[in-house]
Amino acid sequence: MGGFATAPAVGLYGASKFAIEGISEVLHGELAPLGVRVTIVEPGGFRTDFLSTSSMQVEPASIADYAAGAGPVREALAGNDGRQPGDPVKAAKAVVDITEVVEPPLRLQLGADAIERVEAKLDLVRRELDQWRHVALSTGT
């Protein structure tokens, strides 16, 4: 999900995923006429070793001024290892199954938490677009 809706404390991770999403969108358009389909898999939290100390390295030093923004995310990540809601076997099956679909989606969210984050991001973008529409439209000729 980091490529669609990132969070404080995971900026570099999210930025790399945003880049992959952008490249994948372009490839989706460029390769479709050739019969090649591109799907971006956007998983929520799955019970893998992703949050374990063998996978994720967290800088122990922190800056007090960042505690309000990054602190809650760091704490949540540390406390969720092994408690993620998603079943990795079911996720793997969904990914394999989507390869058999004639017209797969550009994006495939996996997990209720993934859907929740996408909906929250879309709601935020819609609210901001509506709030600042007059400014955007004022720049035209």
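Since we're looking at a predicted model, the values are computed, not measured.

A. Representation of the overall build of the protein chain in the model. From N to C terminus, the protein chain includes 4 helices and 2 strands. Each helix and strand of the protein chain, placed in order from N terminus to C terminus, yields the pattern α-β-α-α-β-α. Counting the 141 residues in the protein chain, one finds 19% classified as buried. Counting contacts in the protein chain only where the partners sit at least 6 residues apart, residues at least 24 apart contribute 68% of the total. Within the structure as shown, the protein chain displays about 9,900 Å² of accessible surface, and the carbon and sulfur contribution to it stands at 62%.

B. Summary view of the pattern of salt bridges. The tally for this structure, following the rule as stated, stands at 7 salt bridges. In this structure, D97 and K93 form a salt bridge, with 2.7 Å as the shortest nitrogen-oxygen distance. Of this pair, D97 and K93 both sit in helix α3 (residues 88-98), 4 residues apart, which is roughly one turn of that helix. The partner of D130 in a salt bridge is R133, with the nearest N and O atoms 3.0 Å apart.

C. Spatial organisation of helix α1 (residues 11-31). With 21 residues, α1 should cover 30 Å at 1.5 Å per step; its first-to-last C-alpha distance of 30 Å lies within 8% of that length. Among the residues making up α1, those that are buried are G14, E21 and S24. Looking straight down α1, one finds that the buried residues subtend no more than 80 degrees of arc, so they occupy a single side. Opposite the buried face of α1, at more than 90 degrees from it, the exposed residues are L12, I23 and E30.

D. The environment of E42, seen in detail. For E42, the position within the fold is in strand β1 (residues 40-43). Sequence-wise, E42 and G3 are 39 residues apart; in three dimensions their C-alpha atoms are separated by 7.8 Å. Apart from the residues lying within four places of it in its own chain, the contact partners of E42 are M1, F4, E21, R107, L108, Q109, L110, A114 and V118.

E. Quick peek at the packing of aromatic side chains. Using the criterion set out here, one finds 0 aromatic pairs in the structure. Seen from the ring of F4, K121 lies directly overhead, with NZ or CZ sitting 5.3 Å from the centre.

F. Representation of the environment of V26 within the structure. Along the chain, V26 turns up in helix α1. Each C-alpha atom, one on V26 and one on V38, is 9.5 Å from the other, the two residues being 12 residues apart in sequence.

G. Spotlight on the side chain of S24. Summarising the element assignment, S24 is placed in helix α1. Judged by its relative accessible area of 13%, S24 is buried. Residues in contact with S24, not counting those within four places in the same chain, are V38, I40 and L106.

Conventions used here
- Residues numbered from 1 in each chain as written.
- Predicted model: local features only at pLDDT ≥ 70, side-chain atom pairs only at ≥ 80, totals over all residues.
- Heavy atoms only, no water.
- Helix = DSSP H or I, 4+ residues; strand = E, 2+ residues; numbered from the N terminus.
- Buried < 20%, exposed > 50% of the residue type's maximum accessible area, 1.4 Å probe, protein only.
- Contact = heavy atoms within 4.5 Å.
- Areas by Shrake-Rupley, 256 points an atom, 1.4 Å probe, with all protein chains shown as cover.
- Salt bridge = Lys/Arg side-chain N within 4 Å of Asp/Glu carboxyl O.
- Expected span 1.5 Å × (residues − 1).
- Arc of directions from axis to C-beta.
- Phe/Tyr/Trp six-rings, centres within 6.5 Å; stacked < 30°, edge-to-face > 60°.
- Lys NZ or Arg CZ within 6 Å of the ring centre and 35° of its normal.

By themselves these figures say nothing about function.
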